[in-house]
Amino acid sequence: EKHVSVRDLRKTYSTGFTAVDGISFDIERGETFALLGPNGAGKSTTIEILEGYRDRSGGEATVLGVDPQHGGLDWKARLGIVLQSTGESGNVSVREQLSHFASFYPNPRDVDEVIAAVGLTEKAKSRIKALSGGQRRRVDVALGVIGRPELLFLDEPTTGFDPEARHEFWDLIRELKREGTTILLTTHYLDEAAQLGDRAGVIAGGKLIDIGAIGEIGGRD
Ligand code: ADP
Ligand code: ADP
């Protein structure tokens with residue numbers, strides 16, 4: 001069963017710049033797919049189209065059986081979305097913010113378990129705006145998984161993390177994979193794609209220049 005299907009996806013911004021230039025890939029249920037590429041390659045544009053945040057200019061996209069341009073609230077509730085830039089700088093505590101989000105979902109995870117999983121137990125009562133950038137990023141991830149999503153979108157999740165925080169984050173993602181969550185991850189780190197991805201697509205200049213199992217990509221000449 002395909003959770004994501006993309007065919008000849010295109011996005012030309014109103015500036016006239018084509019950021020995504022005809023890419024195609026599929027993600028099966030339970031699979032982790034890494035979209036790997038340098039800054040400016042078109043990763044965020046692609047993932048934002050699939051999240052339903054941007055309209056595409058051409059091609060086809062299906063996410064959990066729905067065209068993301070027409071996804072309703074029932075569809076959104078099945079997704080977990082961690083955007084590239086954090087919007088989390090609020091005056092409320094980590095636990096309050098997570099409890100608030102959890103109330104939107106039919107079958108949320110336990111708030112304190114999620115806080116522990118992202119390594120924020122000591123900070124559960126701290127206001128989000130008082131946290132470091134890396135800690136706020138963990139709040140973003142916690143908010144993305146609190147609703148027990150079937151499909152999790154992670155846009156550059158570990159940018160700005162120190163090595164220890166990255167390894168802890170990877171462990172959390174492996175746990176979500178074991179639970180059967182389908183994951184689409186964008187990253188510019190080859191090691192992150194290799195650690196987490198079952199398959200990866202290499203994107204540059206808005207085109208997929210390689211796609212395959214981790215270990216197959218990049219090694220050919
Ligand atoms: P669009 O309406 O083209 O789908 P947005 O509404 O997201 O895109 O962006 C509105 C405008 O903001 C763009 O047309 C562009 O002028 C500017 N803009 C935003 N982000 C960028 C960027 N990363 N690079 C260049 N221009 C940008
Ligand atoms: P990545 O996530 O791989 O860094 P993006 O999808 O953010 O790549 O950006 C791809 C290209 O599209 C970049 O050249 C960027 O400047 C441009 N871009 C992104 N958003 C906009 C926008 N709203 N308007 C115009 N150009 C944009």
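Criteria and cut-off values
- Residues numbered from 1 in each chain as written.
- Chains lettered and ligands numbered in written order.
- Predicted model: local features only at pLDDT ≥ 70, side-chain atom pairs only at ≥ 80, totals over all residues.
- Heavy atoms only, no water.
- UniProt positions renumbered as here; feature names shortened; annotations may be inferred.
- Helix = DSSP H or I, 4+ residues; strand = E, 2+ residues; numbered from the N terminus.
- Buried < 20%, exposed > 50% of the residue type's maximum accessible area, 1.4 Å probe, protein only.
- Polar contact = N/O pair within 3.5 Å; in protein donor to acceptor, adjacent residues only side chain to side chain.
- Contact = heavy atoms within 4.5 Å.
- 1 Å grid on protein atoms, 1.4 Å probe; cavity = no way out; pocket = protein on both sides within 12 Å on 5 of 7 lines; lining within 4 Å.
- Points joined across faces, edges and corners; volume = space filled by probe spheres on them.
- Nonpolar A, V, L, I, M, F, W, Y, C, P; charged D, E, K, R; others polar.
- Pairing = 2+ DSSP bridges.
- Axes fitted to C-alpha atoms, helices over the stretch in contact; angles between N-to-C directions.

As annotated in an unreviewed UniProt entry, the protein carries the name ABC transporter ATP-binding protein and is attributed to Lacisediminihabitans changchengi. What the UniProt record of the protein gives under Subcellular location (unreviewed entry) is the line "Cell membrane".

Caption draft 1: Structural context of the side chain of Ser-44. Checked against the element boundaries, Ser-44 lands in helix H1 (residues 43-50). A relative accessible area of 17% places Ser-44 in the buried class. Of note is the side chain of Ser-44, whose polar atom sits 3.4 Å from the side chain of Gln-84. Sequence-distant contacts of Ser-44, that is, excluding residues within four places in its chain, are made with Gln-84 and Asp-155.

Caption draft 2: Just the layout of surface pockets, in detail. Put simply, the second largest pocket is a space of about 160 Å³. Together, Arg-109, Asp-110, Glu-113, Val-114, Ala-117, Val-145, Leu-172, Glu-175, Leu-176 and Glu-179 line the second largest pocket. Those elements that place two or more of their residues in the lining of the second largest pocket are helix H4 (111-117) and helix H6 (163-178). The class makeup of the residues in the lining of the second largest pocket is 5 nonpolar, no polar and 5 charged.

Caption draft 3: View of the sheet that holds strand E5 (residues 79-82). Read across the sheet, 6 strands follow the order E5-E6-E7-E3-E8-E9 without closing on themselves; strand pairing throughout is mixed. Strands at the two margins of the open sheet, each flanked by one partner only, are E5 and strand E9 (207-213). Adjacent strand axes in the sheet meet at a mean angle of 15°, parallel and antiparallel pairs treated alike. With 5 bridges connecting them, strand E3 (residues 32-36) and strand E7 (residues 182-187) associate as parallel partners. Residue pairing for E7: Ala-34 is matched across the bridge by Leu-185. Packed on one face of the sheet, H1 meets E3, strand E6 (151-155), E7 and strand E8 (199-204) and runs near 150° to E6.

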